[in-house]
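Structural overview for review
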Amino acid sequence: MELGTQLLQYLLSGLSTGAIYALIGIGFSIIYNATGIINFAQGEFVMLGGMLTLFLLSVLQLPLWIAIPLAVLLAALVGLLFERLAIRPLRKASPISLVIITIGGAILIRGLAMLIWGKDTHSLPSFSGDEPIMLAGATLLPQHLWILGITLLLIGLNKWFFSHTTSGKAMRACSYNPRAAGLVGIDVRRMVLLSFVISAAMGALAGIIVAPLTMTAYDVGIMLGLKGFCAAIIGGMSSGLSTVIGGLILGVLESLGAGLISSGYKDAIAFVILLLILFLRPQGLFGKPESERV
Amino acid sequence: MVSRKANGFSGVKRELAKYLLFTLCVLLAPFAFLDSYLLNVLVFVGIHTMLAIALNLLLGYAGQISLGHAAFFGLGAYLSGVLTTTYSWNPWLTMLVAAVVVGGMAFAIGFPILKLKGHYLAMATLGLGIIIFIVFNEWVEVTSGPSGFSGIPNLQLGQLVFDSDLKNYYLVWCFVLGCVLLSVNLANSRIGRALRAIHDAEVAARVVGVNARLLKVQIFALSAMISAIAGSLYAHVMTFIAPPSFGFNISVELLTMVVIGGLGSIYGSFLGALLLTLLPEFLRFMHDYDIVFYGGLLMVMTIFMPGGLVQGIPDLFRKLLNLRKGKGGNHA
C-alpha cells in the first residue's frame, strides 16, 4: 500500500475510534458540569453497554434492535443507582473522597461484571454485515459508518437537549451556579441524578457501537474511560463540539502513532497528550484561561 | 502556654511509647508464625506498609492524591533488578541510586503535576502511572517485557545472604521501622503542620508564609523515594518482577490501604496494609473475585467511615456505648 492510501486508512479508523472517545468524553463532561465530579466509573458504563447487549443477544435470544435500547436502559438504571447509593450520600464531600468513591464504584461494577459474565473476551455481531467498502483504496467496514452516524446523531440530540428543552436548560443553569439554580426553583438534586443517567446511557451506547469492532470484556472500561476523559480534557470539559473535536484528534493521533511509530506504545500516546494538555493548557485546547476563586 | 508545652511533651512521650510498642510487636511477630507461609505474607505486609505510608504522607498529610504510585514502586524495582542483574552493580548502592533517581524524577515532574488539583491531579498521576507501566511492558530489551525479569540476586550483608522468609522479614521490617520513625517525626514537625495547613486550606497556608508549592513537590519526591526503596526491596526479595505488579490496580490497592487505615495516620497505613495483604489469603476461595469485595469495601468505608479504621473503630464503640445508654439519637 502506498503512503497516501495508508494515511487515509489510518485517518478513517482514527475517526471512528475518535468518535467513540468523543461520546465517552461528553459523558464525563455532562457529569462534571452538573456536579464538579470526575466520574471514574464512566468507563464501566461503556463496558456495561457492550456486555449487556451481548447478554441480551446470546442468553435471552433477543433481536439486536431490542437488545440495544434495552441494554442502554439497563446501563442508565445502573447510573441512577450509582448516583443514589454512592454519590448522593457524599454530596458535600471533598474531591478526594469523591475520586475514591467513584473508583470504588468502578471496581465494584467491573468485579460484578466479571462475576456474572466471566473473564472471556466476546465479540458482538456487526449491525449490518462485514462486507468492506472500498474508498480510494482504503477499506471501511459498515460498522465504521454506524459509529460515525450514531455519534453524529447523538451529538445533535445532545445539542438539542441542552439548548431547547427545559431539563437541558435547567442542567446548564446548575452547571453555572447550582445555588442560584436552586433559588429559581430548579431541583438541583434531580438534575445531578439526570446527568448520571444521561452519561451512563451515552457511555453504554458508545460501548455497544464499538464492540463489534474491538471485542468486549469485563475490563474494557478502564482504557476506554481514560481515553474518553482525555478527549474531554482536550475539549476543556465542554459537553459540546470541543470535546467531539478532542476525541477525533485523539483517535486520529493514536491511529497514526500506532501505524507509523509503534503499536505497542499506542496507548501511551493518549496519556502523553493528556499530561501535556493538563500541564500546558488545563482549560483545554480551545478554552480561555480561567482564574480560580478561593 | 505552660500547659500547652506540657501537653506537647506528653504527646511526644505517647508517640515514643506507641513506636516502641509497635517495634516490639514487629520484632516478636515472627516467633508466632515460624515455619508458616504467613511469615512470607508478613514480608509483603512490610513492603505494602512502606508504600501505604509513602502514599499517606502525600494524600493524608498534604491532601494531594496520586493514582500512579505503583509506577514509582515499579521504577525502584526495575532499576534495582536491571542494574544489579544485567550490569552487576552493587545492590545496596543501586538501591540508593534508584531512590535518588526516582525521587529526582518525582521532584522534576512534581512542579507541573502538583499545580493541578483534585480530580485533575488524580487523572494526571494516573496517566503518568500508565505511561510508565506501558514502558515496563514495551521496552523488552531492558525489562524483558510482559514475561517478567528474573534472576535478581538476593541482598547480602557480608556473609549474611537474605534468602529465607525469616531473614527477609527482618530486612524489610527494619526499613519499615525506619520509615515509620521518619514519618511520625515528619508529621509532628513544623513541616507536618505546614502540610496539614496546605491540606485544609492551601491559600490560607500560603498567606501565612508556607511555601505550599515547594513543600508539596518535596513531599511528593519523598513519597516517591520511599516507594522506590520498597520497590528495590521487593525486587531482591522476590528475585523476579513483572509489569502487573506495578499497574493501575496496584495504585488503587495502595489507595484503598491508606483510606481504610485512615488518612493521615501512619499506624493506620500499617493497619490498612496488614488487612489488605492478609485478606486475599483468607479470600482464596473467591479467586479473582475478591476485587468485588475491594470495590465494595472502598465505597462503604468512604461513606460510613471517612476517617478509616483508626478513627472509625473507636467511634463505633462510642456509638454502641451511647446506644446502650439510650443516647443514640443525639449525634447528627
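This is a predicted model, so every value here is computed, not measured.

What follows concerns the overall build of chain B. Across its full length, chain B carries 14 helices and four strands. Overall, chain B is about 65 × 50 × 40 Å in size when its C-alpha atoms are taken along their principal axes. Within chain B, the proportion of its 332 residues that are buried is 46%. Looking at chain B alone, contacts between residues at least 24 apart form 76% of all its contacts between residues at least 6 apart.

Let us look at the overall build of chain A. Assigned secondary structure in chain A consists of eleven helices and two strands. Listing each helix as α and each strand as β along chain A from the N terminus yields α-α-α-α-β-β-α-α-α-α-α-α-α. Taking 2.2 N^0.38 as the reference for a compact globule, 294 residues should give roughly 19 Å; the C-alpha atoms of chain A span a radius of gyration of 19 Å, in line with that estimate. Each principal axis of the C-alpha distribution contributes one length, and for chain A these read about 60 × 45 × 35 Å. In chain A, which comprises 294 residues, the share counted as buried stands at 49%. Sequence-distant contacts in chain A: of pairs separated by 6 or more residues, those separated by 24 or more amount to 75%.

Okay, the confidence of the model for chain A next. Of all residues in chain A, 97% have pLDDT values of 70 or greater, and the mean over the chain is 87. Ranking the helices and strands of chain A by mean pLDDT puts helix α2 (residues 42-58) of chain A first, with 93, and strand β1 (residues 133-135) of chain A last, with 79.

Looking now at the interface of chain B and chain A. The partner chain A presents 33 residues to the 32 residues of chain B that form the contact. Listing elements by their share of the side of chain B that touches chain A, those giving two or more residues are α5 (118-138), α11 (248-261) and α13 (290-304) of chain B. A per-element tally of the side of chain B that touches chain A places α5 of chain B first, with twelve residues. Residues belonging to the side of chain B that touches chain A are distributed by class as follows: 24 nonpolar, seven polar and one charged.

Now for the packing of helix α2 (residues 37-61) of chain B against helix α12 (residues 266-282) of chain B. Residues and elements named next belong to chain B. One way to put it is that α2 packs onto α12 with a least axis distance of 8 Å and a crossing angle of 140 degrees. For the element pair α2 / α12, the angle class is oblique. The two elements α2 and α12 meet at a crossing, and its hand is right-handed. Seen from α2, the contacting residues are Val-41, Phe-44, Val-45, His-48, Thr-49, Ala-52, Ile-53 and Asn-56; seen from α12, they are Ile-266, Ser-269, Phe-270, Gly-272, Ala-273, Leu-274, Thr-277, Leu-278 and Glu-281. Considered class by class, the residues forming the contact of α2 with α12 number ten nonpolar, six polar and one charged.

This part is about the environment of Phe-246 of chain B. Residue and element names in this part refer to chain B. Here Phe-246 is to be found in the loop between β4 (240-241) and α11. Owing to 26 C-beta atoms within 10 Å, Phe-246 belongs among the buried residues under this scheme. Once the C-alpha coordinates of Phe-246 and Phe-136 are considered, the two residues, 110 residues apart in sequence, prove to be 9.0 Å apart. In contact with Phe-246, other than residues within four places in its own chain, are Ala-70, Ala-71, Phe-73, Gly-74, Ala-77, Phe-133 and Phe-136.

Another aspect to go through is the packing of helix α1 (residues 3-35) of chain A against helix α5 (residues 142-164) of chain A. Residue and element names in this part refer to chain A. Close contact between α1 and α5 brings their axes to 9 Å; oriented N to C, the two are set at 35 degrees. Considering how the two elements wind past one another, α1 and α5 form a crossing that is left-handed. Residues Leu-12, Leu-15, Ser-16, Ala-19, Ile-20, Ala-22, Leu-23 and Ile-26 of α1 pack against His-144, Ile-147, Leu-148, Thr-151, Leu-154 and Asn-158 of α5. Here the contact of α1 with α5 is built from residues that sort into ten nonpolar, four polar and no charged.

To continue, consider the nonpolar core. Formed by 193 residues in total, the largest nonpolar core has its most connected members in Leu-23, Ala-75, Ala-201, Ala-204, Leu-205, Cys-230 and Leu-274 of chain A. Looking at this core, the element that brings in the most residues is helix α10 (residues 212-238) of chain B, giving 17 residues. What Ala-201 of chain A contacts, discounting residues up to four positions off in sequence, is Val-72, Ala-75 and Ala-76 of chain A.

Another point: helix α7 (residues 165-187) of chain B. Taking 1.5 Å per residue, 23 residues should reach 33 Å; α7 of chain B reaches 32 Å between its end C-alpha atoms and fits that length. What α7 of chain B keeps buried is the set Asp-165, Asn-168, Tyr-169, Val-172, Trp-173, Val-176, Cys-179, Val-180, Ser-183 and Ala-187 of chain B.

Okay, unusual backbone geometry next. Residue and element names in this part refer to chain B. The residue Ser-88 is not glycine, and still its phi comes out positive at about 50 degrees. Under the C-beta neighbour-count criterion, Ser-88 is labelled exposed, with 10 such atoms within 10 Å. Of note in this structure, Thr-239 is not a glycine but carries a positive phi near 60 degrees. For Thr-239, a count of 15 C-beta atoms within 10 Å gives the class partly exposed.

Moving on: the environment of Val-26 of chain B. Residues and elements named next belong to chain B. Along the chain, Val-26 falls in helix α1 (residues 2-32). With 20 C-beta atoms packed within 10 Å, Val-26 lands in the buried category. Sequence-wise, Val-26 and Leu-42 are 16 residues apart; in three dimensions their C-alpha atoms are separated by 9.9 Å. Setting aside anything within four residues of it in sequence, one finds Val-26 in contact with Trp-173 and Leu-177.

Before going further, it helps to spend a moment on the environment of Glu-131 of chain A. Residue and element names in this part refer to chain A. Counting through the fold element by element, Glu-131 comes out in the loop between α4 (95-117) and β1. The exposure class assigned to Glu-131 is exposed, which follows from the 8 C-beta atoms found within 10 Å. Taking C-alpha positions, Glu-131 is 17 Å from Ser-16, a pair spaced 115 residues apart along the chain.

Let us now look at the confidence of the model for chain B. All names here are of chain B. On average, residues of chain B carry a pLDDT of 86, and 94% of them reach 70 or more. Counting interchain partners and residues more than four positions distant, the pLDDT-below-50 stretch residues 1-6 has zero contacts. Confidence over residues 328-332 falls short of pLDDT 50; this stretch has three contacts with residues more than four positions distant or in other chains. The ipTM assigned to the predicted complex is 0.84, against a pTM of 0.86.

What counts and how
- For every chain, the first residue of the written sequence is number 1, and numbering continues from 1 along that sequence.
- Following the order in which they are written, the chains are lettered starting with A and the ligands numbered starting with 1.
- Where totals are concerned, whole chains, interfaces and linings use all residues; where local detail is concerned, this predicted model gives features only for residues with pLDDT of at least 70, and gives and counts side-chain atom pairs only at 80 or more.
- Helical segments are the DSSP runs of H or I of at least four residues, strand segments are the runs of E of at least two, and each set is numbered from the N terminus.
- Counting other C-beta atoms within 10 Å of a residue's own tells you its class, since 20 or more makes it buried, 12 or fewer makes it exposed, and anything in between is partly exposed; those C-beta atoms are placed from the backbone.
- The contact criterion used is a C-beta to C-beta distance within 7 Å, with each C-beta placed from the backbone.
- Two things to know: the radius of gyration comes from C-alpha atoms, and the globule rule equals 2.2 Å times the number of residues to the power 0.38.
- For every residue, the predictor assigns a confidence score, pLDDT, that lies between 0 and 100.
- Note on residue categories: nonpolar means Ala, Val, Leu, Ile, Met, Phe, Trp, Tyr, Cys or Pro, charged means Asp, Glu, Lys or Arg, and polar means any other residue, Gly included.
- Between the N-to-C directions of two axes lies an angle of 0 to 180 degrees, each axis being a line fitted to C-alpha atoms and, for a helix, fitted only over the stretch in contact.
- Our angle categories are set so that under 35 degrees counts as roughly parallel, over 145 as roughly antiparallel, 65 to 115 as roughly perpendicular, and the remainder as oblique.
- For any helix crossing, the convention is left-handed if the near helix is rotated counterclockwise from the far helix by under a right angle, and right-handed if that rotation is clockwise.
- For this analysis, nonpolar core means a set of buried Ala, Val, Leu, Ile, Met, Phe, Trp, Tyr and Cys residues linked through C-beta atoms within 7 Å.
- The span expected for a helix works out to 1.5 Å for each residue beyond the first.

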